[in-house]
Amino acid sequence: MVVAAGFTMSKSPTVRKDNLHPFNLLLSGDDACIYVFRPKPPPDDRSLLANRRSSTLSAEVSRKTKVPKYTYVRLGDLTAGSVVNVYGVVVFFKQPFKSRGTDSCSILKITDQSNQNITCSIFCEKLEDHPKIFQIGDIVRMHRVKAQFFKDSISLVNTFGFSVVTFDGTVGGAMEPRTSSRSFHFNQEDRQTVEELRSWASSQALFPTVSAAIHLSAVQPKSYFDLNCQLLAKAPIDSTCILLRVWDGTRCPHTLLKVNVEPNVTEGPSSFSKEKENIIANVFVYDNHLDCARKLKLGSFLRIYNLRANPGHSNVPGLTSSHSVDHLAFHLHGGTSYGRGIQVLPEDSLDVQELKRVLEAFPHDDMNEPFDLNDSALLEVWSTPPELLDGKAVKSSTERGDSPDMPLMTLSELKQCELSRVHHVRAQLRSYEPRRLHQALKLYCSKCTSMQEIPDEELVAGIFSEASSDYEPCNAPPWALLSAFLTDSPVSPDRALTLLLPRQLMSDVKTKGLIFLMGTTLEETYRLAASYQNIVPVRSSGREITLLDLSAPFLFRGRKRHYGCKQCSETVLRDPSAEGVKVIDEKVVAEVLGVQLLQCVLLMKLELQDATDTLEVFLWTHAESFFGVSAEDAAANQEAQNSIRQTMESLCPPGGSMDQHPWLDLFLTAYQTKDDVGQNQTCYQICQTTLIKPPPQNRTPTPPEPPPPPSPGSEITSAG
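Below you will find a few notes about this structure.

Reading the values: the criteria
- Residues numbered from 1 in each chain as written.
- Predicted model: local features only at pLDDT ≥ 70, side-chain atom pairs only at ≥ 80, totals over all residues.
- Heavy atoms only, no water.
- Helix = DSSP H or I, 4+ residues; strand = E, 2+ residues; numbered from the N terminus.
- Contact = heavy atoms within 4.5 Å.
- Areas by Shrake-Rupley, 256 points an atom, 1.4 Å probe, with all protein chains shown as cover.
- Expected span 1.5 Å × (residues − 1).
- Buried < 20%, exposed > 50% of the residue type's maximum accessible area, 1.4 Å probe, protein only.
- Polar contact = N/O pair within 3.5 Å; in protein donor to acceptor, adjacent residues only side chain to side chain.
- Phe/Tyr/Trp six-rings, centres within 6.5 Å; stacked < 30°, edge-to-face > 60°.
- Pairing = 2+ DSSP bridges.
- Axes fitted to C-alpha atoms, helices over the stretch in contact; angles between N-to-C directions.
- Salt bridge = Lys/Arg side-chain N within 4 Å of Asp/Glu carboxyl O.
- Core = buried A, V, L, I, M, F, W, Y, C linked by side-chain atoms within 4.5 Å.
- Parallel < 35°, antiparallel > 145°, perpendicular 65-115°, else oblique.
- Nonpolar A, V, L, I, M, F, W, Y, C, P; charged D, E, K, R; others polar.

Check the secondary structure of the protein chain and you find 14 helices and 33 strands. Taking all contacts inside the protein chain whose residues are at least 6 apart in sequence as the whole, residues at least 24 apart take part in 65%. Looking at the protein chain as shown, the accessible area adds up to about 37,800 Å², and 51% of this sits on carbon and sulfur atoms.

The next point concerns helix α8 (residues 457–469). Under the 1.5 Å per step criterion, the end-to-end length of α8 is 18 Å for 13 residues, consistent within 8% with the ideal 18 Å. Along α8, the residues classified as buried are Glu458, Val460, Ala461, Gly462, Ile463, Phe464, Glu466, Ala467 and Ser468. Buried positions along α8 lie against β8 (139–150), β9 (153–167), α10 (522–529), β23 (535–541) and β25 (555–557). One side-chain oxygen at the N-terminal end of α8 lies 2.8 Å from the backbone nitrogen of glutamate 458; it belongs to aspartate 456.

In this section: the packing of aromatic side chains. Applying the stated criterion across every chain yields a total of 8 aromatic pairs. When the ring of phenylalanine 464 is compared with that of phenylalanine 556, the centres are 6.1 Å apart and the planes differ by 80 degrees; the resulting orientation is edge-to-face. Here phenylalanine 464, found in helix α8, pairs with phenylalanine 556, found in strand β25; they are 92 residues apart in sequence, far enough to count as distant. Each member of the pair phenylalanine 464 and phenylalanine 556 is classed as buried. Plain terms: the ring middles of phenylalanine 626 and phenylalanine 627 are 5.2 Å apart, the flat faces sit at 90 degrees to each other, and that makes the pair edge-to-face. Of the two residues examined, phenylalanine 626 and phenylalanine 627, each falls in the buried class.

This part covers the sheet that holds strand β7 (residues 118–124). Taking strand neighbours around the barrel as the criterion, the 5 strands line up as β5-β6-β7-β9-β8 in a closed arrangement whose pairing is mixed. Here the average twist between neighbouring strands, direction ignored, is 50 degrees. Direction of pairing for strand β6 (residues 104–111) relative to β7: antiparallel, over a ladder of 7 bridges. Within the sheet, the bridge partner assigned to cysteine 105 lies in β7 and is phenylalanine 123. Each of β5 (83–98), β6, β8 and β9 touches helix α3 (residues 188–203); the most contacted strand, β5, lies at about 65 degrees to it.

This part is about the environment of aspartate 665. Tracing the backbone shows aspartate 665 in strand β30 (residues 663–674). Side-chain polar atoms of aspartate 665 contact the side chain of histidine 424, separated by 2.9 Å. Of the polar contacts made by the side chain of aspartate 665, one reaches the side chain of arginine 426; its length is 3.2 Å.

Let us now look at the environment of leucine 615. Take leucine 615: it is sitting in strand β29 (residues 614–619). Residue leucine 615 is classed as buried on the basis of its relative accessible area of 6%. Each C-alpha atom, one on leucine 615 and one on serine 412, is 8.6 Å from the other, the two residues being 203 residues apart in sequence. Residues in contact with leucine 615, not counting those within four places in the same chain, are Leu411, Leu414, Lys415, Leu606, Glu607, Leu608, Leu668 and Tyr684.

Before going further, it helps to examine the pattern of salt bridges. What the rule picks out here adds up to 23 salt bridges. Taking the shortest distance from any N to any O, the salt bridge between glutamate 632 and lysine 560 comes out at 3.0 Å. Residue glutamate 632 is located in helix α13 (residues 631–636), and its partner lysine 560 is located in strand β26 (residues 560–562); the two are separated by 72 residues in the primary sequence. Residue classification places glutamate 632 among the partly exposed positions, given a relative accessible area of 29%. Given a relative accessible area of 26%, lysine 560 falls into the partly exposed group. Each member of the salt-bridge network shares a partner with another, and the members are Arg141, Asp190 and Glu458.

Core analysis: the biggest nonpolar cluster contains 57 residues, and Leu429, Leu606, Phe627 and Leu668 have the highest contact counts within it. Ranked by residue count, the leading element in this core is α8, at 5 residues. If you look at the next biggest cluster of nonpolar residues, it comprises 34 residues, including Leu75, Phe93, Ile154 and Tyr305.

For the pair α8 and α10, interaxial distance at closest approach is 8 Å and the crossing angle is 95 degrees. The orientation of α8 with respect to α10, classified from their angle, is roughly perpendicular. Across the interface between the two elements, Glu457, Val460, Ala461 and Phe464 of α8 pack against Leu522, Thr525 and Tyr526 of α10. Among the residues forming the contact of α8 with α10, the class breakdown is 5 nonpolar, 1 polar and 1 charged.

Treat this as a map of the structure, not an account of what it does.
Here it is in structure tokens:
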């Protein structure tokens, strides 16, 4: 069989003479090609089943071992209209700013060994999806950007499936990527490319020899500068201005402007020790930077770009003439000129490490110090989850934690107790991990008890892209109708899309109940999922239709995606008529396809504290009842995510002292597991505990004194 692609069709001028086909195929352009398929000889009856199994196994192995291969184009070789992957050194950048539409826009200019300066316009709705650029000389890797002519020169703009990773451009610097993706491809070739760009940029003097940021001790009046600092507190001044209270551990040689803000509107401590107050700088943030300032977390390490040191108070909202005109105030004005804006620095950056060394030398004020916690790796529980808790539920009240059937004990007493029993403790939440909610969401297999991260969007998009590019004609199974058509996508014109509709469901007027889809991108599948109840993405392999690699979701249901376990699944494509089933859900589809369904779960590590000891515990099996939110909803619903985040912030207020942390009545169980070297270790897990949110009151209550354990107090925040 011969398949022609990329040819132009025209009428034949000799059709009347030769009586051949009325149309000719004309070879035009460099993309035309011919595929020749040689049919296999028909197998005998004895080997038919064996050959099918061998073919299926080979296809499965090839899909599992094949790693997406990315090709990168030099900036000097860009052609208008092409969608490419590129590397580049940043020579100019602007922080994201609000565009005329719903997206934010960031502008950067990059170059490489071809000495071409290319302007890039990035439009993304979420700020975290923009390039995380800290200074000129950083290196960016962008996937799926489109080259186009703009003002007589080539520029780049992001397209569907866009992703970006940023690296420090310092020669010999850490190879730590900055990206919102949870996983991405980065092999030895990518590492070599980054090192080559670092060396080249250094030889071209593209990278600044010193950091653009300076310390407060070096600030001069009327100057513009970049500042690396830590956020201690913040407060709104009025609708046009937010005050950020920051420090970098050094003292400004000039008298700083003091600002009095009402404690009830301040997020974080309203005052600090006298010595610390003398080195805290007040930064006034205006206009387009307000949204970013509102989202900043206390304790974050920041770089503030193009900050203005302005003597006097006349431009500061809410201040009177009693302030001296020579007191120094810091202003972050509106606009994006000179890269003006605020960036949160990662914990592992060199600037943050240096800043921490300076701050650690300052005497700590423990009562007012904002809590700082790194997102470090949890115990081996991330790959080996805690044991399931079996047995009868403990009888307890949701209104009182001091059940007579369960005596209260301290944390130090708990550590001496027997395993596999449920114990009642009263403690405060001192810290928790991870701080980012998406890192707490895991996929759990109840069959092999494995736990894994939710696959990254870039990885899933690559699987869909590979499947659509490897398309070949295939046969429809006898239980389905197959419909194929070509897309008109500007990125990939004439790409074939195939719909597979089960006959039985069509006869039962359930056309939208379940469809199989082949040849679509991940973005297109998201859009179609809004109109169809169940979408199963498939691909062609050896003229047969099979499921995608299980690193990608095997089922889309609206905003929800469902994954299968690679180890426990035995995938097969068969008739999903599901006789007797009134509602087709993920469990029905997984059973029909031979997929072991993975369960979305929440897994967190909490550090508890009472007057006697501290204890690290896990929240997993009973996490959904604790928060009153399902992990599945948290993975797809912003409101559910906000509910969990607000709950954790109420139990462990950011920047607050331990006096502000409420006391919790919790049920814990202890069990043993083995570490990486086979040694037994004792772990603790929260069980049978539901958070009770206190009802709103008209009067402003005074915070109660935290009662010493083991005597239970009158205010119960959570109960079993």
